[in-house]
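# Summary of the model geometry
Given next are the chains, with one letter for each unit.
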Amino acid sequence: RRRRTLDGQWEFLADPENEGYDADYGESFPTEVADRISVPSSWNAHTEYADYVGPAWYRRTFETGEESLLFTFHGVAHDATVYLDGEEVASHEGSYTPFTALARHLDAGEHELVVRADNTRGEATLPHDDADWFPHGGIHREVVAETVPDVYVRDLAVEYDLYGDEATVEAEVTLHNVGPRPAEPDLTVSVGDASVTDSVAVEGMDAATATLGLDVEDVDRWSPDDPTLYDVEARLHGEQADEREGDAFADDLRDRIGFRTVSTAGREILINGEPVDIAGVNRHEDHPEWGSAQPLRVQERDLDLIRRAGCNAVRCSHYPNHPRFLDLCDEEGVLVIEEIPMWQVDESTMTSSQERAQRALVEMIERDRHHPSIFAWSLSNECANDHPTVVDGTRQLKWAADGVDDSRLVTAASNTDFEGATDEVFDFCDFLSVNAYWGWYRDGDWDEFLDGIAAEYGEKPIVVTEFGAGAVPGERTHEGRKWSESYQADLLADCVDLFRERDDVAGFAVWQFCDTLTDPEAAMTRPRTHNNKGIVDEHRRPKEAYRVLRDRLADD
Ligand code: ADA
């Protein structure tokens, strides 16, 4: 499939009064007063718009032949509406999952794309307005246009069962026919060297889904130590039944998978039936130069530093990360927990954001279901899991997750017990993701706390998905006071030793990988307006905690 990028400089207009550009400038985009901004980027990574929160407009033109184009916006923060030649063609809520727009049978020549993006957060947005991370705005992930024929592969979802070194694969392929006439292309699905072909009938202006099965023999499993990946492809070919222009079908969709199983047994998490000790970090997509729009080099470096610290896992807190970062985790054998931005939702925000949450979850799983590195979907973070509205809403999310993919573990990160109440969401989680900050926000005994969790929620693995302490980079005190690097390092060392001694703790994820810009509203409790609990600072310079963690994990 021919793909072209629409990255580069776009015209840009902040719209603080939410007027829309028409109101002031008539019909056409006011190119003469517009700024230029690079795509992908967070507009907050540009000095002039560093603090800007609100709606803004993007515009660019592009040339095309006579063709149909499938546009994919990989991430627009937070809400977006897309116009092609003045017509609305797509709208989407949420920064971290992609959306598409199909432009059917475009005329040859120049066309105009306009995008309205809005990073305003509120009660109903996800994340909502209190979230502890900076609301980066704009088209912060790539925009791609693919040329598609009338009959094209819209979606490919691969599932498998593993029996020893044999896999039975089921590929569900959705075809769209945007032409008027019925069609019956041949569809070949291949996984590595194995393939199967069938013909699929699809009516004009309609869609059809076909499920093709094939067996893969001598499977090399994906594992953290040996992360083998297989190419998968759904390809259309064959002749059109009637004579028409371009008389053969031609389209393809490609991805990668890895064969492995994920399960739990008692207090253990198993990959391919083998217990793994999760040693991870939480990672936000944030960088002083790039904001949330990290180039490949930053992603590579982050993962390299995480690996060098001795970690084997990343919790993508608190939202679906850039798919390229997940590709790197697949290739490196790093285990991933992926989450939707359901952050500290209470009864009222649950009611207002339930539908968004469900869409975000399904979009995340549909985008990422082929990544073998992802072993768990996380439904939420630190929500009011003792409140019936929140519990019921989260249960529906669990059902939605199971409906799309039941091959992974499902969890939700909880601080409810930390607050002294019972977490009812844990009842339907495969493992218990526990966030607690004993020794930082409060004094308390970690062992006693974990004993309580272990006793209350039955025989499930416990992963301490957040713990840590803030350390302002460079801050040192002889007394090891709070906010010093040594206080943080000592606390992490003690926690890691304690978690690793306990049989009921299957692993941990340090809060957090790097210092990250936080919501300006939190400035008075977050020095430098950063969440300073990184083991490296925002420029990825190591703190004392980084070395301590590396020394602890090195002997594994
Ligand atoms: C919570 C939350 C994190 C971060 C952390 C902290 O546990 O899940 O996003 O805000 O607290 O640093 O206090």
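Residues numbered from 1 in each chain as written. Predicted model: local features only at pLDDT ≥ 70, side-chain atom pairs only at ≥ 80, totals over all residues. Heavy atoms only, no water.

## Thoughts on the overall build of the chain
The helix and strand tally for the chain stands at eight helices and 32 strands. Taken over C-alpha atoms, the radius of gyration comes to 24 Å for the chain, in line with the 24 Å a tight globule of 556 residues would show. Classification of the 556 residues of the chain by burial places 59% in the buried group. Taking the contacts inside the chain whose residues are at least 6 apart along the sequence as the reference set, 70% of them involve residues at least 24 apart. Here the chain has roughly 22600 Å² of accessible surface; of this, 43% comes from carbon and sulfur atoms. One finds the centroid of the 50 positive side-chain charges in the chain at a distance of 5 Å from the centroid of its 119 negative side-chain charges. (Helix = DSSP H or I, 4+ residues; strand = E, 2+ residues; numbered from the N terminus. Rg over C-alpha atoms; globule rule 2.2 N^0.38 Å. Buried < 20%, exposed > 50% of the residue type's maximum accessible area, 1.4 Å probe, protein only. Contact = heavy atoms within 4.5 Å. Areas by Shrake-Rupley, 256 points an atom, 1.4 Å probe, with all protein chains shown as cover. Lys, Arg positive; Asp, Glu negative; His and termini not counted. Charge placed at Lys NZ, Arg CZ, Asp CG, Glu CD.)

## Considering the side chain of N531
Tracing the backbone through its elements, the reader meets N531 in strand 32 (residues 530–531). Side-chain polar atoms of N531 contact the side chain of W511, separated by 3.3 Å. Those residues in contact with N531 that lie beyond four places of it in its chain are D132, W511, Q512, D515, T516, T518 and R526. (Polar contact = N/O pair within 3.5 Å; in protein donor to acceptor, adjacent residues only side chain to side chain.)

## Structural notes on the sheet that holds strand 14 (residues 166–177)
An order of 13-14-17 is seen for the three strands of this open sheet, with the pairing classed as antiparallel. At either margin of the open sheet sits one strand with a lone partner, and together these are strand 13 (151–163) and strand 17 (206–216). With strand direction ignored, the average angle separating the axes of adjacent strands in the sheet is 15°. Pairing geometry for strand 14 and strand 17, over 11 bridges, is antiparallel. From the neighbouring strand, V169 faces strand 17, where its bridge partner is L214. (Pairing = 2+ DSSP bridges. Axes fitted to C-alpha atoms, helices over the stretch in contact; angles between N-to-C directions.)

## A closer look at the domain arrangement of the chain
Annotation of the chain at the domain level lists domain 1 (3–146), domain 2 (151–257) and domain 3 (283–554). The interface of domain 1 with domain 2 comprises five residues on the first partner and five residues on the second. Taken as a group, L70, L102 and R104 account for 73% of the area that domain 1 buries against domain 2, more than any other trio of residues on that side. Between the two partners, domain 1 and domain 2, sit zero salt bridges. Considering every element that reaches the side of domain 1 that touches domain 2, the biggest residue donor is strand 9 (residues 99–106), with four residues. Partitioned by chemical class, the residues of the side of domain 1 that touches domain 2 number two nonpolar, two polar and one charged. (Domains from an automatic or database assignment. Buried area = accessible area lost by both parts, 1.4 Å probe. Salt bridge = Lys/Arg side-chain N within 4 Å of Asp/Glu carboxyl O. Nonpolar A, V, L, I, M, F, W, Y, C, P; charged D, E, K, R; others polar.)

## Thoughts on the pattern of salt bridges
All told, the structure shown has 43 salt bridges when counted by the stated rule. For E112, the salt bridge is made with R59, and the minimal N-O distance between the two is 2.5 Å. Linking E112 in strand 10 (residues 109–118) with R59 in strand 4 (residues 55–64), this pair joins segments that are 53 residues apart in sequence. Comparing E112 with R59, the two get one shared label, buried. Overlapping salt bridges bring together R1, R3, E146 and D251 as one network.

## Notes on the state of the cysteines
Counted according to the given criterion, the structure contains zero disulfides. In this model C316 remains outside any disulfide bridge; the closest cysteine sulfur is found in C329, 6.4 Å from its own. Of the residues examined, C316 reaches a relative accessible area of 0% and is grouped as buried. (Disulfide = S-S within 2.5 Å.)

## Let's talk about the environment of T529
Structurally, the position occupied by T529 is in the loop between strand 31 (516–517) and strand 32. The exposure class assigned to T529 is partly exposed, which follows from its relative accessible area of 23%. In sequence terms T529 and T120 are 409 residues apart; their C-alpha atoms lie 19 Å from each other. Residues within four places of T529 in sequence aside, it is in contact with T516, L517, T518, D519, P520 and A523.

## Some points on unusual backbone geometry
Residues S317 and H318 are joined by a peptide bond in cis, for which omega reads -5°. Tracing the chain through its elements places H318 in the loop between strand 24 (313–316) and helix 3 (323–332). Here the phi dihedral of N18 falls at roughly 55°; this positive angle occurs in a residue that is not glycine. The topology assignment puts N18 in the loop between strand 2 (8–14) and helix 1 (20–25). Here N18 falls in the partly exposed class, since its relative accessible area comes to 46%. Here the phi dihedral of D85 falls at roughly 50°; this positive angle occurs in a residue that is not glycine. With respect to the helices and strands, D85 occurs in the loop between strand 7 (79–84) and strand 8 (87–93).

## Concerning the site of the ligand
Close contacts around the ligand come from D132, H318, W343, N381, E382, Y437, Y441, E466, W511, R526, N531 and K533, and that covers them all. Note that an oxygen atom of the ligand is positioned 2.7 Å from one of the side-chain N or O atoms of H318. One of the side-chain N or O atoms of W511 is found 3.5 Å from an oxygen atom in the ligand. Contact with the protein chains covers 96% of the free accessible surface of the ligand, which is 320 Å². (Near = heavy atom within 4 Å.)

## Some details on the packing of helix 7 (residues 485–501) against helix 8 (residues 544–554)
At a closest axis distance of 8 Å, the pairing of helix 7 and helix 8 adopts a crossing angle of 25°. When the axis of helix 7 is compared with that of helix 8, the two are roughly parallel. You can see that helix 7 and helix 8 cross each other, and the crossing is right-handed. On helix 8, the residues touching E485, S486, Q488, A489, L492, A493, V496, D497 and R500 of helix 7 are E544, A545, V548, L549, R552 and L553. Here the residues of the contact of helix 7 with helix 8 sort into eight nonpolar, two polar and five charged. (Parallel < 35°, antiparallel > 145°, perpendicular 65-115°, else oblique. Left-handed = near helix turned anticlockwise from the far one by under 90°.)

## So, a negative patch on the surface
Taken together, the side chains of D165, E166, D215, E217, D218, D220, D225 and D226 make up a negatively charged region of the molecular surface. Relative to the helices and strands, D226 is located in the loop between strand 17 and strand 18 (230–237). (Patch = residues over 30% accessible without salt bridge, like charges linked within 9 Å, V, L, I, M, F, W, Y side chains within 5 Å.)

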